[in-house]
Amino acid sequence: VQLVDSGGGLVQAGDSLSLSCAASGFTFSRYGMAWFRQAPGKEREFVASITLSGDLTAYADSVKGRFGISRDNAKNTVYLQMNRLKPEDTAVYYCAASSRGWRTLVDDNDYVYWGQGTQVTVSS
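Here's what I pulled together on the structure shown here. (Residues numbered from 1 in each chain as written. Predicted model: local features only at pLDDT ≥ 70, side-chain atom pairs only at ≥ 80, totals over all residues. Heavy atoms only, no water.)

### Considering the nonpolar core
Right, so step 1: In this structure, Trp 35, Val 78, Leu 80, Met 82 and Tyr 93 are the most contacted members of the largest nonpolar core, which totals 36 residues.
Right, so step 2: If you list the elements that add at least two residues to this core, you get strand 3 (17-24), strand 4 (32-38), strand 5 (45-50), strand 7 (67-72), strand 8 (77-82), strand 9 (91-98) and strand 11 (118-123).
Right, so step 3: Residues within four places of Leu 80 in sequence aside, it is in contact with Leu 17, Ser 18, Leu 19, Trp 35, Val 47, Ala 48, Phe 67, Gly 68, Ile 69 and Tyr 93. (Core = buried A, V, L, I, M, F, W, Y, C linked by side-chain atoms within 4.5 Å. Buried < 20%, exposed > 50% of the residue type's maximum accessible area, 1.4 Å probe, protein only. Helix = DSSP H or I, 4+ residues; strand = E, 2+ residues; numbered from the N terminus. Contact = heavy atoms within 4.5 Å.)

Encoded structure:
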């Protein structure tokens, strides 16, 4: 099983960035997917999730209206489009997979597979 996060980088406040997570080694279309993030000195927090079919999504209040999660089951990939980035969005972003894919889960304990993380840094 492998989740490979990519797309992070250094951007300025107000810019956009798109993250990708390529999955392999499990039946991607049967899993719900999510993005979490962890800033230095802080606990990992939920960002966004999407059900296995992509029909339902959920967002943390801090990113609602700015971030968009999507998936392409044909490509075994989940995406996170981040717009109007703020310095407080700076963190390592991780994608994760849950076998309870029919729900939009926000607790990291519900996720069994994790990516290695990709750094997003937003300068003011």
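### Side note on the sheet that holds strand 1 (residues 2-6)
Right, so step 1: Spatial strand order, 1-3-8-7: 4 strands in an open sheet with antiparallel pairing. Because the sheet does not close on itself, it has two edges, and the strands there are strand 1 and strand 7. Averaged over all adjacent pairs, the angle separating strand axes in this sheet is 15°, with direction ignored.
Right, so step 2: Looking at chain direction, strand 3 and strand 8 are connected through 6 bridges and run antiparallel. By the bridge assignment for strand 8, Leu 19 is matched with Leu 80. (Pairing = 2+ DSSP bridges. Axes fitted to C-alpha atoms, helices over the stretch in contact; angles between N-to-C directions.)

### Examining the state of the cysteines
Right, so step 1: According to the stated counting rule, one finds 1 disulfide in the structure shown.
Right, so step 2: Paired by a disulfide, Cys 21 and Cys 95 hold their sulfur atoms 2.0 Å apart. In this structure, the disulfide formed by Cys 21 and Cys 95 twists by about 45° around the S-S bond and is classed as right-handed. Pair noted here: Cys 21 is in strand 3 and Cys 95 is in strand 9, with a separation of 74 residues, a long-range link.
Right, so step 3: Cys 95 sits in the buried class, given a relative accessible area of 0%. (Disulfide = S-S within 2.5 Å.)

### Considerations on unusual backbone geometry
Right, so step 1: The phi torsion at Asn 76 lies on the positive side, around 55°, for a residue other than glycine.
Right, so step 2: Locating Asn 76 in the fold gives a position in the loop between strand 7 and strand 8.
Right, so step 3: What makes Asn 76 partly exposed here is its relative accessible area of 28%.

### Looking at the layout of surface pockets
Right, so step 1: Empty space within the largest pocket amounts to approximately 200 Å³.
Right, so step 2: In terms of lining, the largest pocket is formed by 15 residues, of which the most central are Arg 37, Ala 39, Lys 42, Glu 45 and Glu 88.
Right, so step 3: Here the lining of the largest pocket is composed, by residue class, of 4 nonpolar, 3 polar and 8 charged. (1 Å grid on protein atoms, 1.4 Å probe; cavity = no way out; pocket = protein on both sides within 12 Å on 5 of 7 lines; lining within 4 Å. Points joined across faces, edges and corners; volume = space filled by probe spheres on them. Nonpolar A, V, L, I, M, F, W, Y, C, P; charged D, E, K, R; others polar.)

### A few points about the environment of Met 33
Right, so step 1: By the element assignment, Met 33 lies in strand 4.
Right, so step 2: Under the relative-accessibility criterion, Met 33 is labelled buried at 0%.
Right, so step 3: Taking the C-alpha atoms as reference, Met 33 lies 11 Å from Ala 58; in sequence the two are 25 residues apart.
Right, so step 4: Discounting chain neighbours no more than four positions away, the residues touching Met 33 are Leu 3, Cys 21, Phe 28, Ala 48, Ser 49, Ile 50, Ile 69, Arg 71, Val 78, Ala 96, Ala 97 and Tyr 111.

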